[in-house]
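# Observations on the model geometry
Next come the chains, spelled out residue by residue.
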Amino acid sequence: IFLARRGARALLNHAEVEARLARHGYRTVFMEDHPIREQIGIGAQARHVVAIHGAAMAFLAFGRRVESVIELMPDHLYHEMFA
């Protein structure tokens, strides 16, 4: 799955990243579009995850099948805090 973000944490090149990941079988998910139970289920079923830094990644703790996680840090927002 691709855990995407909106607003200030959205990627400037979101459409390009989403299209590239879709070609590799990733499904885009905005966790805020789902109730908590569904978010837990999404995290629990995830195997390969690309995610923008944020609390939505917390639900991956329920995932026993997670094989890989790539965390994206938008430099326009986090460059000073996460150098």
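Residues numbered from 1 in each chain as written. Predicted model: local features only at pLDDT ≥ 70, side-chain atom pairs only at ≥ 80, totals over all residues. Heavy atoms only, no water.

### Notes on the overall build of the protein
Stated precisely, the cut-off is as follows: For helices the rule is a DSSP run of H or I covering at least 4 residues; for strands it is a run of E covering at least 2, with both sets numbered from the N terminus onward. Each residue is placed in one exposure class: buried if its accessible area under a 1.4 Å probe, protein chains only, is under 20% of its type's maximum, exposed if it is over 50%, and partly exposed if it falls in between. Contacts are assigned to residue pairs that have any heavy atoms within 4.5 Å of one another. Each accessible area value is a Shrake-Rupley result obtained with a 1.4 Å probe; residue values ignore everything except the protein chains displayed when judging cover.
Scanning the protein from N- to C-terminus turns up three helices and four strands. N-terminal to C-terminal, the α/β element order of the protein is β-α-β-α-β-β-α. For the protein, the proportion of its 83 residues judged to be buried stands at 35%. The long-range fraction of contacts in the protein, counting pairs at least 24 apart against all pairs at least 6 apart in sequence, stands at 48%. As presented, the protein carries roughly 5,500 Å² of accessible surface, and 55% of it is formed by carbon and sulfur atoms.

### Concerning the pattern of salt bridges
Test applied: Any Lys or Arg side-chain nitrogen found within 4 Å of a carboxyl oxygen on Asp or Glu counts as a salt bridge.
Inspection of the entire model under this criterion finds three salt bridges. For Asp 33, the salt bridge is made with Arg 6, and the minimal N-O distance between the two is 2.9 Å. One end of the pair, Asp 33, is in the loop between β2 (28-29) and α2 (36-45); the other, Arg 6, is in the loop between β1 (2-3) and α1 (14-22), with 27 residues separating them in the sequence. Residue classification places Asp 33 among the partly exposed residues on the basis of a relative accessible area of 45%. Here Arg 6 falls in the partly exposed class, since its relative accessible area comes to 42%. In the salt-bridge network here, residues are joined through shared partners; they are Arg 6, Glu 32 and Asp 33.

### Points about the nonpolar core
Across soluble globular proteins, nonpolar side chains show a tendency to be buried alongside one another. Here is the rule: Nonpolar cores are built from buried Ala, Val, Leu, Ile, Met, Phe, Trp, Tyr and Cys residues. Side-chain atoms within 4.5 Å join them into one set.
Ile 1, Leu 3, Val 29, Met 31, Ile 42, Ala 46, Val 49, Ala 51, Ala 56, Met 57, Phe 59 and Leu 60 together form the largest nonpolar core, which totals twelve residues. Contacts of Ala 51, omitting those with residues within four sequence positions, involve Leu 3, Met 57, Ile 70, Glu 71 and Leu 72. The next biggest cluster of nonpolar side chains, apart from the first, holds eight residues, and it includes Leu 11, Val 17, Val 50 and Ile 52.

### Things to note about the environment of Val 49
Residue placement: Val 49 occurs in strand β3 (residues 48-52). What makes Val 49 buried here is its relative accessible area of 1%. Between the alpha carbons of Val 49 and Arg 27 there is a distance of 9.6 Å; along the sequence they are 22 residues apart. The contacts of Val 49, once residues within four sequence positions are left out, are Ile 1, Leu 3, Tyr 26, Leu 60, Ser 68, Val 69 and Ile 70.

Read these as layout, nothing more, since geometry by itself doesn't imply function.
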